[in-house]
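Here are the chains, one letter per residue:
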2 protein chains.
Amino acid sequence: MTLTRLPDTSALSAFFPDLELPDIELHDSLSRRKVIFEPGVPGKVGMYLCGPTVYSDAHLGHAKKEVAFDVIRRYLAHRGYAVRYVSNITDVGHLQNDSDDGEDKMLARAALERLEPIEVAEKYYWSFMDDMARLGVQRPSIQPRATGHIPEQIELIEELTRRGHAYEANGSVYFEVRSWPEYGKLSGRKLDDQEEGTREAVRGEKRDPRDFALWKRAEAGHIMRWQSPWGVGFPGWHIECSAMSLKYLGESFDIHGGGLDLEFPHHEAEIAQAEAAGHPFARYWMHNNMLTIGGEKMSKSKGNFTTLIDLFKRVDPQIVRFLLIGSHYRSITEFSEEGFVSAHSGYRRLHDALSETLRRLPGAPEKPGDPLLAQVRTHVSAFEAAMSDDFNTPRAVAALFNLTTDVNAALAGAAHQQSPGRDALEAARAAYLELGGSVLGLFAAGAGAVGAQDDTALVGTLMDVVLEARQHYRLSKQYAASDALRGKLAGVGVTVEDTRDGARWKR
Amino acid sequence: MTLTRLPDTSALSAFFPDLELPDIELHDSLSRRKVIFEPGVPGKVGMYLCGPTVYSDAHLGHAKKEVAFDVIRRYLAHRGYAVRYVSNITDVGHLQNDSDDGEDKMLARAALERLEPIEVAEKYYWSFMDDMARLGVQRPSIQPRATGHIPEQIELIEELTRRGHAYEANGSVYFEVRSWPEYGKLSGRKLDDQEEGTREAVRGEKRDPRDFALWKRAEAGHIMRWQSPWGVGFPGWHIECSAMSLKYLGESFDIHGGGLDLEFPHHEAEIAQAEAAGHPFARYWMHNNMLTIGGEKMSKSKGNFTTLIDLFKRVDPQIVRFLLIGSHYRSITEFSEEGFVSAHSGYRRLHDALSETLRRLPGAPEKPGDPLLAQVRTHVSAFEAAMSDDFNTPRAVAALFNLTTDVNAALAGAAHQQSPGRDALEAARAAYLELGGSVLGLFAAGAGAVGAQDDTALVGTLMDVVLEARQHYRLSKQYAASDALRGKLAGVGVTVEDTRDGARWKR
């Protein structure tokens, strides 16, 4: 059963109680097609997203993934589902180049910064969470850490060895790919495609070069280490996600998400680890595409990345978010400076129409049958259709722009004594705040922020006083004072525009 | 070796390079006297603070503890120590009334809120961290979770059983108090004082009623459970802190802190668990006193508490912090509404003097030998003496008030063409920002906050324009416009005062 009406808690449902919403369809990477989403338990959704490895500052590529799945989560909640959103923190060191040997990323960083590995993880965990708060990404319902789930990982590895899908060699344990014919079902890769380059010593331990590590023996000097039935070691890269998603969402949970770059081998391995141990795994798989710069994937290993911390020094995180949802999660987002310029002006267009709607509401007349109300309904419907169609955010944003065209026309008409009706303006406000705000995560200065002092009312009042003074200087022909005033405002990024309705200001 | 000079990174050391600082003395609960603090490793301090059990919103009592140790940590950093600050999150359910049976707090809350226990822990973890960010409490260097350290706890329990200080009974493991004569050395309690009321079934398992649980057998229906050498169960209340502090700080770490209410049995048990297993434990023990309301301890179990979330709706978190540091950490803080009023006016006095210092600095003349410079030195010295004397924050705040008296006198003199010199004002600024700011954690609107939009410059500029308009209205005798302006400012909490130096405004 899917939910095809807005829940009672929706502000929009008060204006459009009979609005029918389409079933939600999503592109399932496992079946390779668009399918109707049906949760395993009616009214509830269990979602797992592969989170960050916390050994350096997050970059725009991470932001694309996090925002993509945040919007999906928010849309499901908007449709009335109770969503449990689990996303992990990988704080155990893993190996460079994502193969089974090489240098441990966390240890390398710790040496560089003269910190203990777990202090590195803690530092970059907070860097990540702060960045995500700025982007308006909601916190996970549960955010398990790899180092916090060693017993669960060991238990799963023990199940796999008991069932004959894993074997021990020199204190390490490997998953035996040949023992599990379904290996490859997600990525569609044939076994022969999967060979990875590995060090000779590791190759010697594996029965097959495509086998992957579940548990690694800790060499002397490896700081992160735990006791296990196979001696002292640490978990392989893939096992944590199988163990933690099953623990917090149960078997056959609804949606597993992650970046396309994780589809193979990480997600393929996750499925094999869970299902070979007898635990049916995620029912739908969703993958976001990558972020490129000059046509190349933005990634730490290529060095062509912009950290979010640096980016936020010159671009408002809300604009970054708006830019990201401007392309579909399954499309490639090309990063460019021009992109920010156009995202900024687009965001501002929506924002200004919402501000003006809020400003006009208190004096709006009762006006039954206002055509704006029907227009709002059309755009809400288009928004819902877009989001129900594999979470098509660019089309959803387009619906908000179309809404804005109608709202602006109605508000401009108001100058000629044709003020839009209260009902229509309230519906428009609900559409902006619920669809643009709650679903897309826009219009939230410092979203997710803590302790942000809200100066909106103060600044609004001061600007009223300033605009009156400006008017006063002009009427009394004190042009020098008026010019000085304009200069001071420009110095803090405020511009004033004269419209038929009087002066309006913008930041 | 202690550090008795300010480090090179201190702004104050540039003004007072020869300032000698006293040794830091602290009251050690273990030796029951004030002692000179000597870190185990020169230049480094390892500190552990017992953190919250995250099953409900934090209240003022938690704030007192967190702010107390935050200030201690900040002062040690100010003196040049590299501080590793470890504070745990107890996210495993523990039993009501802190005895070895009764209802599990986390499970009870989960049932109440229809969430899984770990979702409850996650929710209140964030509530706690957000509250602490608002209070300006710095995040721990490492913040380990109890559920994330089950193997470490099991390992420590195994060491204790091997050494004959713990025994298993029906799948639970108890520490045998009679086997460890030093038990009681922290709290000074004799064994015979320690009997606790426990359920008959648990009493039957214990060899002595004062023995305490290291591991508890999980009954059917207990959701948080792990495999162990003694069957499926969960750790006892005390063991996590011994295991996690030793893991992240090593043996014989420097300072262990916590509330006085935890001294017995929790801290007593921590010492016994570590030292009976052969690991010398914390070298200094520090305990903060309680917060009372109407003379009674504020606590969840008594129900007489004010959650911080509610309090922050009407009191600025900075004022709460200022109120808390207004009493010594080892003194009882009595909560009263009048306390906030006087904290507010005290905080404002410091804040206004700092603002005025910053405002006057750009135009300040060179003025060698300005007596204000020597006065600043005196107050800095008094501040350092107070903080070195067992972190006496009330005396440290008094030093800042004395500084303010001299700064205000110097600035008032400026109206008579006796502007204070640039050097003196810069030293005063450094004193406010370094002692009041970095050490006491004041003057940070939305301290620790993320994404707070800073409107300070905008508001400042707008107020300049507004005050010019006010002046203009007055000169041109437009009293109605001038009155309207004053009314609007009052509506947003801004008042204007005419001084000999011109109009000044305050929020």
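Note that the structure is predicted; figures quoted are calculated from it, not measured. (Residues numbered from 1 in each chain as written. Chains lettered and ligands numbered in written order. Predicted model: local features only at pLDDT ≥ 70, side-chain atom pairs only at ≥ 80, totals over all residues.)

Peer 1: Please explain the overall build of chain A as it appears in this structure.
Peer 2: Helix and strand counts for chain A stand at 16 helices and 15 strands. Residue pairs at least 24 apart in sequence account for 74% of intrachain contacts in chain A once pairs closer than 6 positions are excluded. (Helix = DSSP H or I, 4+ residues; strand = E, 2+ residues; numbered from the N terminus. Contact = placed C-beta atoms within 7 Å.)

Peer 1: Would you explain the sheet that holds strand β10 (residues 284-288) of chain A in this entry?
Peer 2: Across a sheet, strands are paired by hydrogen bonds formed along the backbone, either parallel or antiparallel in direction. Residues and elements named next belong to chain A. Strand order in this open sheet of four strands is β4-β3-β9-β10, and the pairing throughout is parallel. Strands with a single pairing partner mark the edges of an open sheet, and in this sheet they are β4 (82-87) and β10. The average undirected angle you get between the axes of adjacent strands in this sheet is 20 degrees. Here helix α7 (residues 239-249) sits on the sheet in contact with β3 (44-49), β4 and β9 (255-259), set at roughly 155 degrees to β4. (Pairing = 2+ DSSP bridges. Axes fitted to C-alpha atoms, helices over the stretch in contact; angles between N-to-C directions.)

Peer 1: Any chance you could explain the pairing of strand β10 (residues 284-288) of chain B here in plain terms?
Peer 2: Residue and element names in this part refer to chain B. Burial runs high along β10: five of the five residues are buried. Judged by which residues are buried, β10 turns out to be covered on both faces: Tyr284, Met286 and Asn288 on one side and Trp285 and His287 on the other are all buried. Alignment of strand β9 (residues 255-259) against β10, held across five bridges, turns out to be parallel. From the neighbouring strand, glycine 259 faces β10, where its bridge partner is asparagine 288. Handedness of the crossover joining β9 and β10 through helix α8 (residues 263-276) is recorded here as right-handed. (Buried ≥ 20, exposed ≤ 12 C-beta atoms within 10 Å, placed from the backbone. Right-handed = clockwise from strand over helix to strand, strands pointing away.)

Peer 1: I tried to follow helix α4 (residues 117-134) of chain A on my own but got confused; where do I start?
Peer 2: An α-helical segment advances 3.6 residues per turn. Residues three or four places apart therefore align on the same side. Residue and element names in this part refer to chain A. Between the first and last C-alpha of α4 there are 26 Å, a value that for 18 residues agrees with the 26 Å anticipated at 1.5 Å per step. Counting buried residues along α4, 15 of its 18 residues qualify, which places the element largely inside the surrounding structure. Following α4 by one or two positions, glycine 136 adopts a phi angle in the positive range, close to 75 degrees. (Expected span 1.5 Å × (residues − 1).)

Peer 1: Would you explain unusual backbone geometry in this entry?
Peer 2: Cis geometry marks the peptide bond from A:Phe264 to A:Pro265, where omega comes out at 5 degrees. Within the fold, A:Pro265 resides in helix α8 (residues 263-276). A positive phi angle, close to 55 degrees, is found at A:Lys477, a residue other than glycine. You can see A:Lys477 is positioned in the loop between α15 (456-475) and α16 (479-491). Located in the positive-phi region is B:Asn170, a residue other than glycine, with phi close to 55 degrees. Given 12 C-beta atoms within 10 Å, B:Asn170 falls into the exposed group.

Peer 1: Hey, could you run me through the environment of B:Ser29 in this one?
Peer 2: All names here are of chain B. Relative to the helices and strands, serine 29 resides in the loop between β1 (25-28) and β2 (33-36). For serine 29 and methionine 286, which are 257 residues apart along the polypeptide, the C-alpha to C-alpha distance reads 5.8 Å. In this structure, serine 29 is in contact with Leu186, Glu263, Trp285, Met286 and His287, ignoring residues within four places of it in sequence.

Peer 1: Would you explain the environment of A:Asn289 in this entry?
Peer 2: Residue and element names in this part refer to chain A. With respect to the element layout, asparagine 289 can be found in the loop between β10 and β11 (291-293). Sequence separation between asparagine 289 and glycine 258 is 31 residues; the distance between their C-alpha atoms is 9.2 Å. Among residues more than four places away in sequence, those in contact with asparagine 289 are Leu260, Tyr329, Arg330, Ser331 and Ile332.

Peer 1: Looking at this structure, how should I read the confidence of the model for chain A?
Peer 2: Reading fine detail from the predicted coordinates is not recommended where pLDDT is low. Residue and element names in this part refer to chain A. Here chain A averages 88 in pLDDT, while 90% of its residues score no lower than 70. Of the regions scoring below 50 in pLDDT, residues 446-453 engages in 32 contacts with residues more than four places distant in sequence or in other chains. As a predicted assembly, this complex carries a pTM of 0.84 together with an ipTM value of 0.81. (pLDDT = per-residue confidence, 0-100.)

Peer 1: Sorry if this is basic, but what is going on with the packing of helix α2 (residues 60-78) of chain B against helix α10 (residues 317-325) of chain B here?
Peer 2: Helix-helix packing: each pair is described by the crossing angle between the helix axes and the interaxial distance. Residue and element names in this part refer to chain B. For the pair α2 and α10, the least separation of the axes is 10 Å and the interaxial angle reads 75 degrees. By the angle class used here, α2 and α10 are roughly perpendicular. Note on element contacts: α10 touches α2 through Val320, Arg321, Leu324 and Ile325, opposite Ala63, Lys64, Val67 and Val71. The class makeup of the residues in the contact of α2 with α10 is six nonpolar, no polar and two charged. (Parallel < 35°, antiparallel > 145°, perpendicular 65-115°, else oblique. Nonpolar A, V, L, I, M, F, W, Y, C, P; charged D, E, K, R; others polar.)

Peer 1: Before we go on, may I ask you to explain the pairing of strand β5 (residues 166-169) of chain B in this structure?
Peer 2: Sheet faces and side chains relate simply in a regular strand, where the side chains alternate between the two faces. Of the pairings in the sheet, the one linking β5(B) to strand β6 (residues 172-175) of chain B comprises four bridges and is antiparallel in character. Bridge assignment links B:Ala166 to a residue of β6(B), and that residue is B:Phe175.

Peer 1: Help me understand the environment of B:Glu268, please; the structure alone is not making it clear to me.
Peer 2: All names here are of chain B. Secondary-structure assignment places glutamate 268 in helix α8. Placed 84 residues apart in sequence, glutamate 268 and glycine 184 show a C-alpha to C-alpha distance of 6.3 Å. Apart from the residues lying within four places of it in its own chain, the contact partners of glutamate 268 are Tyr183, Gly184, Leu186 and Ser187.

Peer 1: What should I look at first to understand helix α14 (residues 422-439) of chain B in this one?
Peer 2: Residue and element names in this part refer to chain B. Relative to the 26 Å expected for 18 residues at 1.5 Å per residue, α14 spans 24 Å between its end C-alpha atoms, a close match to the ideal helical length. Along α14, the residues that are buried comprise Ala424, Leu425, Ala427, Ala428, Ala430, Ala431, Tyr432, Leu435, Gly436 and Val439. Looking at the packing, one finds that the buried side of α14 touches α1 (11-15), α2, α11 (337-360), α12 (371-388) and α13 (393-413). Once α14 ends, the next one or two residues include glycine 441, with phi positive near 80 degrees.

Peer 1: When you look at the sheet that holds strand β12 (residues 296-297) of chain A in this model, what are you seeing that I'm missing?
Peer 2: All names here are of chain A. Pairing within the open sheet is mixed, and its three strands lie in the order β12-β11-β13. If you trace the sheet from one side to the other, it starts and ends with β12 and β13 (333-335), each paired once. Bridge count between β11 and β13: three bridges; the pairing is parallel. Bridging from a neighbouring strand, threonine 292 pairs with glutamate 334 of β13.

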